[in-house]
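# Survey of secondary and tertiary structure
Below, each chain spelled out in residue letters.
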Amino acid sequence: MFKKSLLVDMINRSSETPADRRNFLRGMGLLSAGAVGAGLVGASTAESASAATPSEGSVLNFALNLEYLEAEFYCYAAYGHGLADALATGTGTQGGVTGGHRVPFKSKAMRYYAEEIANDEIAHVKFLRSALGSAAVSRPAINLQESFTGAAVAAGVIKQGETFDPFSSEAFFLLGAFLFEDVGVTAYKGAAPLISTPAYLEAAAGILAVEAYHSGIVRTLLYENGLDTPTNLISDARDSLDGAGADKDQGITVGSGGRANLVPTDANGIAFSRSPQEVLNIVYLTPGTGVTKGGFYPAGLNGEIATS
(Lines give C-alpha, C1' and ligand atoms only; values in the text may rest on other atoms or scores of the structure.)
Protein backbone atom coordinates (compact mmCIF):
# COMPACT_ATOMS: atom_id res chain seq x y z
CA MET A 1 0.00 0.00 0.00
CA PHE A 2 1.08 3.61 -0.54
CA LYS A 3 2.19 5.53 2.51
CA LYS A 4 -0.25 8.15 3.66
CA SER A 5 2.25 10.99 2.99
CA LEU A 6 2.77 9.82 -0.58
CA LEU A 7 -0.97 9.56 -1.18
CA VAL A 8 -1.45 13.11 0.12
CA ASP A 9 1.28 14.40 -2.18
CA MET A 10 -0.12 12.62 -5.23
CA ILE A 11 -3.62 13.99 -4.71
CA ASN A 12 -2.48 17.51 -3.90
CA ARG A 13 -0.31 17.71 -7.00
CA SER A 14 -2.89 16.33 -9.41
CA SER A 15 -5.74 18.64 -8.36
CA GLU A 16 -6.09 22.34 -8.88
CA THR A 17 -8.11 23.36 -5.83
CA PRO A 18 -9.17 21.95 -2.45
CA ALA A 19 -12.59 21.27 -3.96
CA ASP A 20 -10.96 19.20 -6.70
CA ARG A 21 -9.10 17.22 -4.07
CA ARG A 22 -12.29 16.58 -2.09
CA ASN A 23 -14.01 15.36 -5.26
CA PHE A 24 -11.07 13.09 -5.99
CA LEU A 25 -11.18 11.68 -2.47
CA ARG A 26 -14.91 11.16 -2.62
CA GLY A 27 -14.57 9.33 -5.92
CA MET A 28 -11.88 7.09 -4.42
CA GLY A 29 -14.00 6.38 -1.37
CA LEU A 30 -11.45 8.03 0.93
CA LEU A 31 -13.44 11.03 2.10
CA SER A 32 -14.86 9.71 5.35
CA ALA A 33 -14.57 10.09 9.08
CA GLY A 34 -11.64 7.66 9.06
CA ALA A 35 -8.14 8.68 10.03
CA VAL A 36 -6.80 8.61 6.46
CA GLY A 37 -9.65 10.70 5.10
CA ALA A 38 -9.30 13.21 7.92
CA GLY A 39 -5.58 13.45 7.36
CA LEU A 40 -6.01 14.10 3.65
CA VAL A 41 -8.68 16.73 4.15
CA GLY A 42 -6.48 18.37 6.74
CA ALA A 43 -3.62 18.49 4.27
CA SER A 44 -5.87 20.09 1.68
CA THR A 45 -7.03 22.72 4.17
CA ALA A 46 -3.48 23.54 5.17
CA GLU A 47 -2.44 23.93 1.57
CA SER A 48 -5.41 26.15 0.73
CA ALA A 49 -4.27 28.53 3.45
CA SER A 50 -1.14 29.21 1.43
CA ALA A 51 -2.39 30.58 -1.87
CA ALA A 52 0.66 32.67 -2.70
CA THR A 53 2.21 29.87 -4.74
CA PRO A 54 -0.17 28.36 -7.30
CA SER A 55 -0.61 24.59 -7.28
CA GLU A 56 0.77 22.54 -10.13
CA GLY A 57 -2.80 21.87 -11.22
CA SER A 58 -3.40 25.61 -11.51
CA VAL A 59 -0.24 26.04 -13.55
CA LEU A 60 -1.16 23.19 -15.89
CA ASN A 61 -4.66 24.60 -16.34
CA PHE A 62 -3.16 28.00 -17.13
CA ALA A 63 -1.10 26.27 -19.82
CA LEU A 64 -4.21 24.47 -21.07
CA ASN A 65 -5.99 27.81 -21.55
CA LEU A 66 -3.11 28.97 -23.74
CA GLU A 67 -3.05 25.70 -25.66
CA TYR A 68 -6.77 26.05 -26.40
CA LEU A 69 -6.04 29.41 -28.04
CA GLU A 70 -3.13 28.14 -30.11
CA ALA A 71 -4.94 24.96 -31.11
CA GLU A 72 -8.02 26.87 -32.28
CA PHE A 73 -5.92 29.33 -34.26
CA TYR A 74 -3.92 26.67 -36.09
CA CYS A 75 -6.87 24.30 -36.55
CA TYR A 76 -8.86 26.97 -38.34
CA ALA A 77 -5.84 28.08 -40.37
CA ALA A 78 -4.92 24.57 -41.49
CA TYR A 79 -8.27 22.74 -41.62
CA GLY A 80 -10.99 25.37 -41.60
CA HIS A 81 -12.55 24.22 -38.31
CA GLY A 82 -11.81 24.32 -34.59
CA LEU A 83 -11.29 21.71 -31.92
CA ALA A 84 -13.70 18.82 -31.57
CA ASP A 85 -16.45 19.47 -29.02
CA ALA A 86 -15.14 16.64 -26.86
CA LEU A 87 -11.89 18.56 -26.36
CA ALA A 88 -13.60 21.72 -25.11
CA THR A 89 -15.40 20.46 -21.99
CA GLY A 90 -14.29 20.75 -18.38
CA THR A 91 -14.65 22.88 -15.28
CA GLY A 92 -15.50 26.55 -15.52
CA THR A 93 -17.58 28.26 -18.18
CA GLN A 94 -17.17 26.77 -21.63
CA GLY A 95 -17.12 29.36 -24.39
CA GLY A 96 -17.28 29.45 -28.14
CA VAL A 97 -14.80 30.66 -30.74
CA THR A 98 -15.37 33.84 -32.73
CA GLY A 99 -13.73 34.14 -36.13
CA GLY A 100 -11.34 31.83 -37.92
CA HIS A 101 -11.36 30.18 -41.33
CA ARG A 102 -8.99 28.23 -43.53
CA VAL A 103 -6.01 30.16 -44.88
CA PRO A 104 -5.79 30.20 -48.71
CA PHE A 105 -2.26 28.82 -48.75
CA LYS A 106 -0.42 29.20 -52.06
CA SER A 107 2.66 27.34 -50.87
CA LYS A 108 2.30 23.61 -50.24
CA ALA A 109 5.21 23.79 -47.79
CA MET A 110 3.51 26.56 -45.80
CA ARG A 111 0.31 24.53 -45.63
CA TYR A 112 2.25 21.53 -44.38
CA TYR A 113 3.90 23.69 -41.70
CA ALA A 114 0.48 24.90 -40.54
CA GLU A 115 -0.93 21.37 -40.43
CA GLU A 116 2.03 20.02 -38.46
CA ILE A 117 1.85 22.80 -35.89
CA ALA A 118 -1.94 22.39 -35.64
CA ASN A 119 -1.51 18.68 -34.93
CA ASP A 120 1.07 19.45 -32.23
CA GLU A 121 -1.23 21.94 -30.53
CA ILE A 122 -4.15 19.50 -30.61
CA ALA A 123 -1.88 16.91 -29.01
CA HIS A 124 -0.89 19.39 -26.30
CA VAL A 125 -4.55 20.01 -25.47
CA LYS A 126 -5.22 16.28 -25.27
CA PHE A 127 -2.16 15.65 -23.10
CA LEU A 128 -2.87 18.41 -20.59
CA ARG A 129 -6.53 17.40 -20.35
CA SER A 130 -5.47 13.82 -19.69
CA ALA A 131 -2.89 14.85 -17.07
CA LEU A 132 -5.42 17.05 -15.25
CA GLY A 133 -8.31 14.57 -15.45
CA SER A 134 -11.52 15.88 -13.92
CA ALA A 135 -9.72 19.06 -12.82
CA ALA A 136 -9.15 20.16 -16.44
CA VAL A 137 -10.77 23.48 -17.30
CA SER A 138 -13.04 23.86 -20.30
CA ARG A 139 -12.15 26.00 -23.27
CA PRO A 140 -12.99 29.61 -22.44
CA ALA A 141 -14.52 31.98 -24.96
CA ILE A 142 -11.90 32.79 -27.60
CA ASN A 143 -11.89 35.69 -30.04
CA LEU A 144 -9.89 35.20 -33.24
CA GLN A 145 -11.41 38.19 -35.00
CA GLU A 146 -11.54 41.62 -33.33
CA SER A 147 -8.64 40.67 -31.06
CA PHE A 148 -6.19 40.44 -33.96
CA THR A 149 -7.36 43.73 -35.39
CA GLY A 150 -7.00 45.41 -32.00
CA ALA A 151 -3.49 43.99 -31.57
CA ALA A 152 -2.45 45.02 -35.08
CA VAL A 153 -3.77 48.56 -34.61
CA ALA A 154 -2.03 48.89 -31.24
CA ALA A 155 1.23 47.66 -32.77
CA GLY A 156 0.98 50.07 -35.69
CA VAL A 157 0.81 47.26 -38.27
CA ILE A 158 -2.48 48.65 -39.62
CA LYS A 159 -4.33 51.93 -39.16
CA GLN A 160 -7.42 52.58 -37.08
CA GLY A 161 -10.47 51.52 -39.07
CA GLU A 162 -8.61 48.82 -40.99
CA THR A 163 -9.01 45.08 -40.37
CA PHE A 164 -6.34 42.49 -39.71
CA ASP A 165 -7.46 38.98 -40.63
CA PRO A 166 -4.68 36.44 -39.93
CA PHE A 167 -6.54 33.88 -42.02
CA SER A 168 -6.71 35.98 -45.18
CA SER A 169 -3.20 35.37 -46.52
CA GLU A 170 0.04 33.54 -45.82
CA ALA A 171 1.74 36.77 -44.70
CA PHE A 172 -1.01 37.68 -42.25
CA PHE A 173 -1.11 34.09 -41.01
CA LEU A 174 2.60 34.23 -40.16
CA LEU A 175 2.19 37.54 -38.35
CA GLY A 176 -0.75 36.12 -36.38
CA ALA A 177 1.26 33.03 -35.48
CA PHE A 178 4.17 35.20 -34.36
CA LEU A 179 1.90 36.97 -31.90
CA PHE A 180 1.48 33.65 -30.03
CA GLU A 181 4.62 31.60 -30.48
CA ASP A 182 7.22 33.60 -28.56
CA VAL A 183 4.69 34.14 -25.78
CA GLY A 184 4.22 30.38 -25.45
CA VAL A 185 7.96 29.80 -25.07
CA THR A 186 8.35 32.48 -22.39
CA ALA A 187 5.21 31.27 -20.59
CA TYR A 188 6.41 27.66 -20.26
CA LYS A 189 9.89 28.74 -19.20
CA GLY A 190 8.43 31.13 -16.62
CA ALA A 191 6.21 28.35 -15.25
CA ALA A 192 9.07 25.87 -14.84
CA PRO A 193 9.97 26.95 -11.25
CA LEU A 194 6.33 26.38 -10.24
CA ILE A 195 6.44 22.68 -11.19
CA SER A 196 8.30 20.18 -9.05
CA THR A 197 6.76 16.82 -9.91
CA PRO A 198 9.37 15.20 -12.20
CA ALA A 199 6.86 13.75 -14.66
CA TYR A 200 5.02 17.08 -15.02
CA LEU A 201 8.27 19.03 -15.28
CA GLU A 202 9.60 16.74 -17.99
CA ALA A 203 6.34 17.04 -19.93
CA ALA A 204 6.35 20.84 -19.61
CA ALA A 205 9.95 20.91 -20.82
CA GLY A 206 8.94 18.77 -23.78
CA ILE A 207 6.09 21.13 -24.68
CA LEU A 208 8.43 24.11 -24.25
CA ALA A 209 10.85 22.53 -26.73
CA VAL A 210 8.07 22.01 -29.27
CA GLU A 211 6.84 25.59 -28.85
CA ALA A 212 10.42 26.78 -29.41
CA TYR A 213 10.60 24.74 -32.63
CA HIS A 214 7.35 26.35 -33.75
CA SER A 215 8.65 29.79 -32.90
CA GLY A 216 11.84 29.18 -34.85
CA ILE A 217 9.87 28.06 -37.91
CA VAL A 218 7.60 31.11 -37.81
CA ARG A 219 10.44 33.58 -37.20
CA THR A 220 12.46 32.09 -40.06
CA LEU A 221 9.54 32.25 -42.50
CA LEU A 222 8.80 35.84 -41.52
CA TYR A 223 12.42 36.81 -42.15
CA GLU A 224 12.61 34.94 -45.47
CA ASN A 225 9.42 36.68 -46.63
CA GLY A 226 10.68 40.17 -45.80
CA LEU A 227 8.14 40.76 -43.03
CA ASP A 228 10.61 42.17 -40.50
CA THR A 229 8.98 45.60 -40.17
CA PRO A 230 5.49 44.47 -39.04
CA THR A 231 7.01 41.59 -37.04
CA ASN A 232 9.26 43.93 -35.10
CA LEU A 233 6.31 46.25 -34.42
CA ILE A 234 4.39 43.32 -32.91
CA SER A 235 7.43 42.43 -30.79
CA ASP A 236 7.62 46.00 -29.46
CA ALA A 237 3.88 45.96 -28.70
CA ARG A 238 4.17 42.69 -26.75
CA ASP A 239 7.03 44.10 -24.76
CA SER A 240 5.02 47.20 -23.87
CA LEU A 241 2.06 45.08 -22.81
CA ASP A 242 3.78 42.63 -20.48
CA GLY A 243 4.71 45.34 -17.98
CA ALA A 244 7.57 47.55 -16.96
CA GLY A 245 11.01 46.04 -16.43
CA ALA A 246 13.52 44.13 -18.48
CA ASP A 247 13.11 43.74 -22.22
CA LYS A 248 11.65 40.25 -22.74
CA ASP A 249 10.95 40.43 -26.44
CA GLN A 250 12.99 40.73 -29.62
CA GLY A 251 12.09 41.20 -33.25
CA ILE A 252 13.53 39.16 -36.11
CA THR A 253 16.22 41.64 -37.14
CA VAL A 254 18.92 43.58 -35.30
CA GLY A 255 20.79 46.70 -36.30
CA SER A 256 20.25 48.88 -39.34
CA GLY A 257 21.40 46.31 -41.88
CA GLY A 258 18.54 43.88 -41.38
CA ARG A 259 20.70 41.18 -39.84
CA ALA A 260 18.65 38.14 -38.81
CA ASN A 261 17.71 37.58 -35.17
CA LEU A 262 15.89 34.28 -35.36
CA VAL A 263 16.49 33.14 -31.75
CA PRO A 264 15.43 35.69 -29.11
CA THR A 265 17.67 35.30 -26.04
CA ASP A 266 19.28 37.31 -23.28
CA ALA A 267 23.01 38.07 -23.15
CA ASN A 268 23.68 34.53 -21.91
CA GLY A 269 21.90 32.90 -24.83
CA ILE A 270 18.97 31.90 -22.59
CA ALA A 271 15.33 32.19 -23.56
CA PHE A 272 13.27 34.80 -21.75
CA SER A 273 10.74 34.00 -19.01
CA ARG A 274 7.37 35.58 -18.39
CA SER A 275 5.21 35.23 -15.31
CA PRO A 276 1.58 34.17 -15.76
CA GLN A 277 0.55 37.77 -15.06
CA GLU A 278 2.83 39.10 -17.80
CA VAL A 279 1.43 36.56 -20.22
CA LEU A 280 -2.11 37.57 -19.27
CA ASN A 281 -1.30 41.21 -20.02
CA ILE A 282 -0.42 40.17 -23.57
CA VAL A 283 -3.34 37.84 -24.30
CA TYR A 284 -5.79 40.26 -22.68
CA LEU A 285 -4.16 43.05 -24.74
CA THR A 286 -4.24 45.22 -21.63
CA PRO A 287 -1.24 46.31 -19.52
CA GLY A 288 -1.41 46.75 -15.76
CA THR A 289 -2.67 44.58 -12.94
CA GLY A 290 -6.05 43.28 -11.88
CA VAL A 291 -7.31 42.66 -15.43
CA THR A 292 -9.55 39.60 -15.72
CA LYS A 293 -10.58 39.51 -19.39
CA GLY A 294 -10.14 41.03 -22.80
CA GLY A 295 -8.35 40.57 -26.09
CA PHE A 296 -8.24 36.94 -27.14
CA TYR A 297 -10.21 35.88 -24.03
CA PRO A 298 -13.28 38.16 -23.91
CA ALA A 299 -14.65 36.41 -20.81
CA GLY A 300 -11.27 35.65 -19.24
CA LEU A 301 -9.46 32.37 -18.64
CA ASN A 302 -10.88 29.42 -16.73
CA GLY A 303 -9.07 28.29 -13.59
CA GLU A 304 -7.37 29.96 -10.66
CA ILE A 305 -4.73 31.86 -12.67
CA ALA A 306 -6.83 34.34 -14.59
CA THR A 307 -5.99 37.82 -13.23
CA SER A 308 -3.04 39.87 -14.41
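For the structure itself, look to the data block above.
The text that follows walks through the structure, step by step, so that each part is easy to find. What you are looking at is a predicted structure, and each value in this text was computed from that prediction instead of being measured. (Residues numbered from 1 in each chain as written. Predicted model: local features only at pLDDT ≥ 70, side-chain atom pairs only at ≥ 80, totals over all residues. Heavy atoms only, no water.)

Taken as a whole and assessed by the stated rule, the structure comprises eight salt bridges. We note a salt bridge from Arg 274 to Asp 249, for which the minimum N-O separation is 2.7 Å. Residue Arg 274 is found in the loop between strand S4 (259–260) and helix H10 (276–283), and its partner Asp 249 is found in the loop between helix H9 (228–241) and strand S3 (253–254); the two are separated by 25 residues along the sequence. Overall, Arg 274 belongs to the buried group, its relative accessible area being 1%. Asp 249 gets classed as buried once you look at its relative accessible area, which sits at 6%. Salt bridges sharing common partners tie together Asp 182, Arg 219, Arg 238, Asp 242, Asp 249 and Arg 274. (Salt bridge = Lys/Arg side-chain N within 4 Å of Asp/Glu carboxyl O. Helix = DSSP H or I, 4+ residues; strand = E, 2+ residues; numbered from the N terminus. Buried < 20%, exposed > 50% of the residue type's maximum accessible area, 1.4 Å probe, protein only.)

When you line up the elements, Lys 248 lands in the loop between H9 and S3. Side-chain polar atoms of Lys 248 contact the backbone oxygen of Ser 273, separated by 3.3 Å. Not counting chain neighbours up to four residues away, the residues in contact with Lys 248 comprise Asp 239, Asp 242, Phe 272, Ser 273, Arg 274 and Glu 278. (Polar contact = N/O pair within 3.5 Å; in protein donor to acceptor, adjacent residues only side chain to side chain. Contact = heavy atoms within 4.5 Å.)

What follows concerns the nonpolar core. Side chains of a nonpolar character, in soluble globular proteins, are inclined to be buried together. The biggest cluster of nonpolar side chains holds 72 residues, and the ones touching the most others in it are Phe 73, Phe 173 and Tyr 297. Those elements that place two or more of their residues in this core are helix H4 (56–79), helix H5 (108–132), helix H6 (146–155), helix H7 (170–191), helix H8 (198–224), H9 and H10. In terms of residues, this core owes the most to one element, H4, which gives 15 residues. For Phe 73, the contacting residues outside a window of four places in its chain are Leu 144, Phe 148, Pro 166, Phe 167, Phe 173, Gly 176, Ala 177 and Phe 180. (Core = buried A, V, L, I, M, F, W, Y, C linked by side-chain atoms within 4.5 Å.)

What follows covers H8. Between its first and last C-alpha atoms H8 spans 39 Å; for 27 residues at 1.5 Å apiece the expected length is 39 Å, and the two agree. After H8 finishes, the residue Gly 226 shows a positive phi value of roughly 65°. (Expected span 1.5 Å × (residues − 1).)

With that settled, the discussion passes to the side chain of Ser 215. One can find Ser 215 in helix H8. Looking at Ser 215, the relative accessible area reads 5%, which means it is buried. For Ser 215, the side chain forms a polar contact with the side chain of Asp 182, separated by 2.4 Å.

It is worth spelling out the packing of aromatic side chains at this point. Aromatic ring pairs are defined here through the distance separating the ring centres and the angle between the ring planes. In this structure the tally under the stated criterion is 13 aromatic pairs. Between the aromatic rings of Phe 180 and Phe 296, the centroid separation amounts to 5.2 Å while the plane-to-plane angle is 65°, which identifies the pairing as edge-to-face. On the criterion of sequence distance, the pair formed by Phe 180 in helix H7 and Phe 296 in the segment after H10 is long-range, its members being 116 residues apart. You'll find Phe 180 and Phe 296 in the same group, each marked buried. Through a chain of ring-to-ring contacts, the aromatic side chains of Phe 73, Tyr 74, Phe 105, Phe 148, Phe 164, Phe 167, Phe 172, Phe 173, Phe 180 and Phe 296 assemble into a single cluster. One cation-aromatic arrangement involves Arg 238 over Phe 178; the distance from NZ or CZ to the ring centre is 4.2 Å. (Phe/Tyr/Trp six-rings, centres within 6.5 Å; stacked < 30°, edge-to-face > 60°. Lys NZ or Arg CZ within 6 Å of the ring centre and 35° of its normal.)

Right, let's talk about the environment of Leu 60 for a bit. Mapped onto the secondary structure, Leu 60 falls in helix H4. Accessibility expressed as a relative area gives 8% for Leu 60, which makes it buried. As a C-alpha pair, Leu 60 and Ala 131 span 71 residues in sequence and 8.6 Å in three-dimensional space. With sequence-adjacent residues up to four places away left out, Leu 60 is seen in contact with Leu 128, Leu 132, Ile 195 and Tyr 200.

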